[in-house]
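# Descriptive analysis of the structure
So you can see what is in the structure, the chains are spelled out below.
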Amino acid sequence: MGQGLAAWSWESVTLLDAAGEVTSSATIPDPDGVGVDSTGMYWGTGSGEVWKLHSLVDGGPNEAWFHTGGNNNDLTIDPVGDVLYVAQNEGAVWRIDSTGAQNASPTGDAVAVDMGAEGEVWVHGRMAGGLWSIDPVTLEAVLEAELAALDPSWITSNRVAFNPVDGKVYTSSYFADAGGQIVRWDPNEPDVLDHWTTGLNNPELNPDGVEWHDGCLYWTAPLAGKIYRVCECP
């Protein structure tokens, strides 16, 4: 988990294991986006840098590995080749591999990212509500849906998560009157927005980060310092 505080202050990345043990990294600036690659290396990004978090692996100093500039908001890692996709508040998504970086998607909105099952990258506009897919080979960005068009009461979103089990895209979003929700969008029903988990309209429940693991969706509620898990019934 990152701990960015809407500023570029230096904060730790927190690792919470299955036994409930907490480990904190040495600080990096504004760690909004975090991830782990196939080798077990932890990564963090915020401000205009991408960092290797050696302090969570072997206790060594963290390494400022790549400079993007701008304000990074999120990252996801493709395990094939350990390619990083870094989302920025300015709307770009950087594709970063061992040879350098490419600007993959100038969407014009502050964005969050997650990997799809076929290597595609799902990009969600946090302020305008666009949901994009990026082809990992051509880097072509396709606008798949607009949340504000599907539900006019949509206000804003925080993060996006792809569920490899059902092939649907989930976002932590906020709606007029209804407040915080986890909503899902199905590529096979592109004109429908499903209000999947509702009633998250107080600081104890307000959803931010979302992540699928082992058939359950986890979300963070930063205002309360809590992590929640929701699993669909069998």
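Whatever comes next refers back to the structure up there.
A brief look at the structure comes next. (Residues numbered from 1 in each chain as written. Predicted model: local features only at pLDDT ≥ 70, side-chain atom pairs only at ≥ 80, totals over all residues. Heavy atoms only, no water.)

### Considering the side chain of arginine 126
Relative to the elements of secondary structure, arginine 126 occurs in the loop between strand E14 (121-125) and strand E15 (130-134). Despite being buried, arginine 126 has no salt bridge partner; aspartate 208 is the closest side chain of opposite charge, sitting 5.0 Å away. When near neighbours in sequence (up to four residues on either side) are disregarded, arginine 126 contacts Asn73, Asn89, Asp109, Ala110, Val111, Ala112, Trp154, Thr156, Ser157 and Asn158. (Helix = DSSP H or I, 4+ residues; strand = E, 2+ residues; numbered from the N terminus. Buried < 20%, exposed > 50% of the residue type's maximum accessible area, 1.4 Å probe, protein only. Lys, Arg positive; Asp, Glu negative; His and termini not counted. Salt bridge = Lys/Arg side-chain N within 4 Å of Asp/Glu carboxyl O. Contact = heavy atoms within 4.5 Å.)

### Considering the packing of aromatic side chains
Applying the stated rule across the entire model yields nine aromatic pairs. On the numbers, 5.7 Å between centres and 75° between planes, the contact of tryptophan 10 with tryptophan 51 is edge-to-face. Residue tryptophan 10 is found in strand E1 (residues 10-11), and its partner tryptophan 51 is found in strand E7 (residues 49-52); the two are separated by 41 residues along the sequence. The class of tryptophan 51 is buried, set by a relative accessible area of 11%. On the numbers, 6.0 Å between centres and 45° between planes, the contact of tryptophan 65 with phenylalanine 66 is tilted. With relative accessibility at 26%, the residue tryptophan 65 sits in the partly exposed group. Put simply, the rings of Trp43, Trp65 and Phe66 touch in pairs and so form one group of aromatic residues. (Phe/Tyr/Trp six-rings, centres within 6.5 Å; stacked < 30°, edge-to-face > 60°.)

### Observations regarding the environment of glycine 215
Tracing the backbone through its elements, the reader meets glycine 215 in the loop between strand E21 (210-213) and strand E22 (216-221). For glycine 215 and aspartate 166, which are 49 residues apart along the polypeptide, the C-alpha to C-alpha distance reads 9.6 Å.

### Thoughts on the environment of tryptophan 65
Relative to the helices and strands, tryptophan 65 is located in strand E8 (residues 63-67). In this structure the C-alpha to C-alpha distance between tryptophan 65 and leucine 143, which are 78 residues apart in sequence, comes to 31 Å. Here tryptophan 65 is in contact with Trp43, Val50, Trp51, Lys52, Ile96 and Asp97, once residues within four sequence places are set aside.

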